[in-house]
Amino acid sequence: MDRTERILDLVALLLDAREPTSWAELREHFPSDYGGSDDAAERKFERDKAELVELGFPLTYVQGDDERRDGYIVDRDAYYLPEADLSKEELAVLYAAGSAALASGAFPGRDDLAHALRKIGFFAGESLPTPRVRMELGAVQEGQEKEVSARLELLWDACATHKWVQLVYASPKHPSVTERRVDPYGLALRRGVWTLVGHCHLRGGLRAFQVHRIRELKVNTAKPRTADFEVPADFSLDAHVAYFPWQHRIHAVEEVVLRLSGALASRAAGLFPGAVLEAAEGGVVRARLPVTYLDGLIRFCLSLGADCRVESPEGARSRLHDMATRIVEKHAPEVGDKVSA
Amino acid sequence: MSNVHERLRRLLFLVPYVSKHPGVTVEALARALNVSREDLLEELDLLTCVGRPPFNPDDYIDIYVDNDRVYVDLDQRLFAPPRLTAGEAAALAASAELLRPATGDALRSALQKLEGIIPPAALERFRGMYRKIDASAEAPEALGPLTRAILERREVMFDYASPGRPSEPRRVRPYELLSHRGQWYLQGFCHTRQDARLFRLDRMEALAVTDTAFEPPPNARADVPNPARSRTEASVRVRFSPIAAPYVKERFGRDARPLSDGGVEVLVAGDSERWLTQWVLSFGGEAEVVEPQAARAAVARAARASLG
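Keep in mind it's a predicted model, so treat the numbers as computed, not measured.

## Things to note about the overall build of chain B
Next, step 1: Each helix and strand counted, chain B has 10 helices and 13 strands in total.
Next, step 2: Relative to the 2.2 N^0.38 estimate, which gives 19 Å for 308 residues, the radius of gyration of chain B is 27 Å and therefore markedly larger than a compact globule would have.
Next, step 3: Its C-alpha atoms give chain B principal-axis dimensions of roughly 85 × 55 × 45 Å.
Next, step 4: By the burial criterion, 52% of the 308 residues in chain B qualify as buried.
Next, step 5: Considering chain B, the positive charge centre built from 42 side chains and the negative charge centre built from 43 side chains are found 6 Å apart.

## As for the domain arrangement of chain B
Many authors give the size of an interface as the accessible area that is lost as the parts come together.
Next, step 1: When its domains are assigned, chain B resolves into domain 1 (3-74), domain 2 (86-130), domain 3 (143-213) and domain 4 (235-307).
Next, step 2: Computed from C-alpha atoms alone, the centre-to-centre distance between domain 1 of chain B and domain 4 of chain B is 58 Å.

## Here we look at the pattern of salt bridges
Side chains that differ in charge, positive against negative, can pair when their charged atoms come close.
Next, step 1: According to the stated counting rule, one finds 48 salt bridges over all chains in the structure shown.
Next, step 2: The salt bridge involving A:Asp112 is made with B:Arg9; its shortest N-O contact spans 2.6 Å. With A:Asp112 in helix 6 (residues 110-121) and B:Arg9 in helix 1 (residues 3-20), the pair connects residues from two separate chains. Each member of the pair, A:Asp112 as well as B:Arg9, carries the same accessibility label: buried.
Next, step 3: The closest approach of N and O atoms between A:Arg286 and A:Glu278, which form a salt bridge, is 3.8 Å.

## Topic: a negative patch on the surface
Next, step 1: Together, B:Glu38, B:Asp39, B:Glu42 and B:Asp45 give the surface a local cluster of negative charge.
Next, step 2: If you trace the backbone, B:Asp39 turns up in helix 3 (residues 37-47).

## Here we look at the packing of aromatic side chains
Where two aromatic rings form a pair, the distance of their centres and the angle of their planes describe that pair.
Next, step 1: Across all of its chains, the model carries 34 aromatic pairs over all chains by this definition.
Next, step 2: Here the aromatic rings of A:Phe122 and B:Phe13 are separated by 5.9 Å at their centres, their planes lie at 75 degrees, and the arrangement is edge-to-face. Of this pair, A:Phe122 sits in the loop between helix 6 and strand 3 (133-136) while B:Phe13 sits in helix 1, each in a different chain.
Next, step 3: Accessibility expressed as a relative area gives 3% for A:Phe122, which makes it buried.
Next, step 4: When the ring centre of A:Phe122 is taken as origin, the NZ or CZ atom of B:Lys20, which lies over that ring, is 5.5 Å away.

## Structural notes on the sheet that holds strand 12 (residues 264-269) of chain B
All names here are of chain B.
Next, step 1: Strand order across the open sheet formed by four strands is 11-12-10-13, with antiparallel pairing between neighbours. The open sheet terminates on both sides in strands that have one partner only, identified here as strand 11 (257-258) and strand 13 (287-291).
Next, step 2: On top of the sheet, helix 9 (residues 273-281) reaches strand 10 (235-240), strand 12 and strand 13; it is set at about 155 degrees to strand 12, its chief contact.

## So, the interface of chain A and chain B
Next, step 1: On the side of chain B, 118 residues touch chain A, which itself brings 108 residues to the contact.
Next, step 2: For the chain A and chain B pair, buried surface summed over both sides reaches about 10,300 Å², with 61% attributable to carbon and sulfur atoms.
Next, step 3: Counting every contact that joins chain A to chain B gives eight salt bridges.
Next, step 4: Across the pair B:Glu286 and A:Arg326 runs a salt bridge, and its minimum N-O distance is 2.8 Å.
Next, step 5: Where chain A touches chain B, the interface holds 31 residue pairs in polar contact (both at pLDDT 80 or more).
Next, step 6: Here the side of chain A that touches chain B takes 11 residues from helix 1 (residues 3-16) of chain A, the largest share from any one element.
Next, step 7: Class assignment of the residues belonging to the side of chain A that touches chain B gives a composition of 54 nonpolar, 19 polar and 35 charged.
Next, step 8: Relative to strand 4 (residues 133-134) of chain B, strand 5 (residues 178-190) of chain A is paired through two bridges, and the arrangement is parallel. Opposite A:Leu187, over in strand 4 of chain B, you have B:Ile133 as the bridge partner.

## Notes on helix 7 (residues 145-161) of chain A
Residue and element names in this part refer to chain A.
Next, step 1: Here helix 7 contains 17 residues, and its C-alpha end-to-end distance of 24 Å stays within 8% of the 24 Å for a straight helix at 1.5 Å per residue.
Next, step 2: Here helix 7 has its buried residues at Val 148, Ser 149, Arg 151, Leu 152, Glu 153, Leu 155, Trp 156, Asp 157, Ala 158, Cys 159 and Ala 160.
Next, step 3: Of the residues trailing helix 7, His 162 is marked for its positive phi of about 55 degrees.

## Here's the deal with the confidence of the model for chain B
Next, step 1: Mean pLDDT over chain B stands at 86; residues scoring 70 or higher make up 91%.
Next, step 2: The least confident element of chain B, judged by mean pLDDT, is strand 4 of chain B at 78; the most confident is strand 2 (residues 62-66) of chain B at 95.

Scoring rules and cut-offs
Residues numbered from 1 in each chain as written. Chains lettered and ligands numbered in written order. Predicted model: local features only at pLDDT ≥ 70, side-chain atom pairs only at ≥ 80, totals over all residues. Heavy atoms only, no water. Helix = DSSP H or I, 4+ residues; strand = E, 2+ residues; numbered from the N terminus. Rg over C-alpha atoms; globule rule 2.2 N^0.38 Å. Buried < 20%, exposed > 50% of the residue type's maximum accessible area, 1.4 Å probe, protein only. Lys, Arg positive; Asp, Glu negative; His and termini not counted. Charge placed at Lys NZ, Arg CZ, Asp CG, Glu CD. Domains from an automatic or database assignment. Salt bridge = Lys/Arg side-chain N within 4 Å of Asp/Glu carboxyl O. Patch = residues over 30% accessible without salt bridge, like charges linked within 9 Å, V, L, I, M, F, W, Y side chains within 5 Å. Areas by Shrake-Rupley, 256 points an atom, 1.4 Å probe, with all protein chains shown as cover. Phe/Tyr/Trp six-rings, centres within 6.5 Å; stacked < 30°, edge-to-face > 60°. Lys NZ or Arg CZ within 6 Å of the ring centre and 35° of its normal. Pairing = 2+ DSSP bridges. Contact = heavy atoms within 4.5 Å. Axes fitted to C-alpha atoms, helices over the stretch in contact; angles between N-to-C directions. Buried area = accessible area lost by both parts, 1.4 Å probe. Polar contact = N/O pair within 3.5 Å; in protein donor to acceptor, adjacent residues only side chain to side chain. Nonpolar A, V, L, I, M, F, W, Y, C, P; charged D, E, K, R; others polar. Expected span 1.5 Å × (residues − 1). pLDDT = per-residue confidence, 0-100.

Take a look at the structure:
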């Protein structure tokens, strides 16, 4: 019998059973599947059972007593999806975000997400909201979405089952690719880019890997139901992935004070989330922020233009001065250029 | 996940779905399950073989297609789908984070209710997996009301500050929200400008949803200008040092021409001087506009202003 068919038969049998179903009965009901040697049959049933558990089928084995016999039972109440009584707003939030993530192409656990949306929509009737929200996630280069999406799916499974992955990684900091084994702890999305954080066996510590830079990826297939590692209880994704260029953990934290004027003053909170803002004379806003990667901040300040100045510390001021001077020098009129009228 | 697993999940949803929507068309059912018509008909064939011992005629699932509509007479207790698995709930909860904090209270209460429909035994695993995706995108507050306005097809009003101009009121038909490289945009028809426009959410102020209804065009789709794909005849040649080259190659792929010193050179759109200048400056001296002269001069001017 086809495995899908056999497992569905088991579901139908166990959902209907009023008494525990013993192993002997199962063998009797499915002679061509669970026949053969005891060992082979048991192994086959163990695999089927694992699949049922994976599907969320609440199967347990009960030891018999005076009242009932040994066997497998299913807790029906724990099987059937109950109505979640989601309000219109709650359903809209889950639906908007879920469908936007699916439409975006690269979101880990896409299959899981699609099933989840179907299930929460089961009791909602026909009128499910499908707002037009679209996100371009994961791909840095055009046409990369499919590859990133496939990698995310593998990483999601590996994270869920705690299996190590073997990856070939192309870091822009190194001329050649590196091959390493990583225990995947989690996935974070920052400004449209997905990052894998995990314990890197090559470097012997926690490392972050941008998913679009992974060239090859293999998940350990040995003992699929045994965890290869445990994620430390105090692990937090946020502590290892930066939102903004100045948050990369490269140097010790230093406080930088910026002076924002003109149109930038009213946008200060949006430009530097988390910064302490203070209004100064003439509509100017002062922003104090902790920085662990100064060059990242200075480059961002330069791109904002002359309305963004560095006030302190001196090291940050001179860094901006150096970078701006270099840009001016690089763009100096070339000898022999015509002077425009 | 294996094909068997995917198929089982689909089938355990299919039977209850038809049970709840008797007479659903084959096409609508295929769409609900995201499978092709052919694959769906194959699944229905398989289901007619599913039943429970002793496998008498009444012990089988009785599901059939009549006049292109699907019915189930005997569902063999598959009248509701299974609860959400830990993985399904975690993926859903993590995706909801994408719209945080705009989604506020509704998200918090939705997640609480979600925990109530996961099998109790899977709760701990759900919480563990939920922690494994961090997709909070720092969505702006405006996302909530704008999502609602798009859904309810109502015009919005806001003050908008275009770069280099003072803020002015706009009245807009909102069509689509788009997140691109961590930045949120609204695409819509601007009454003030009488044209389609793309607005950055972080430049909106005093947003209000009006009672004026509108009918959106069928294919309104926002596209954010991308220098790598919107090259015009007015292209600008930009050269990058060997330090910046790997990052540029990553974004431009084969369009980044290697130079003998280890750097690269690319052609980008030159129609927005403001964008180009900002972009070149963001490389902090590792990028140089080669030509045209006007663009070189604009970058030099902006850098000198920062020195001032």
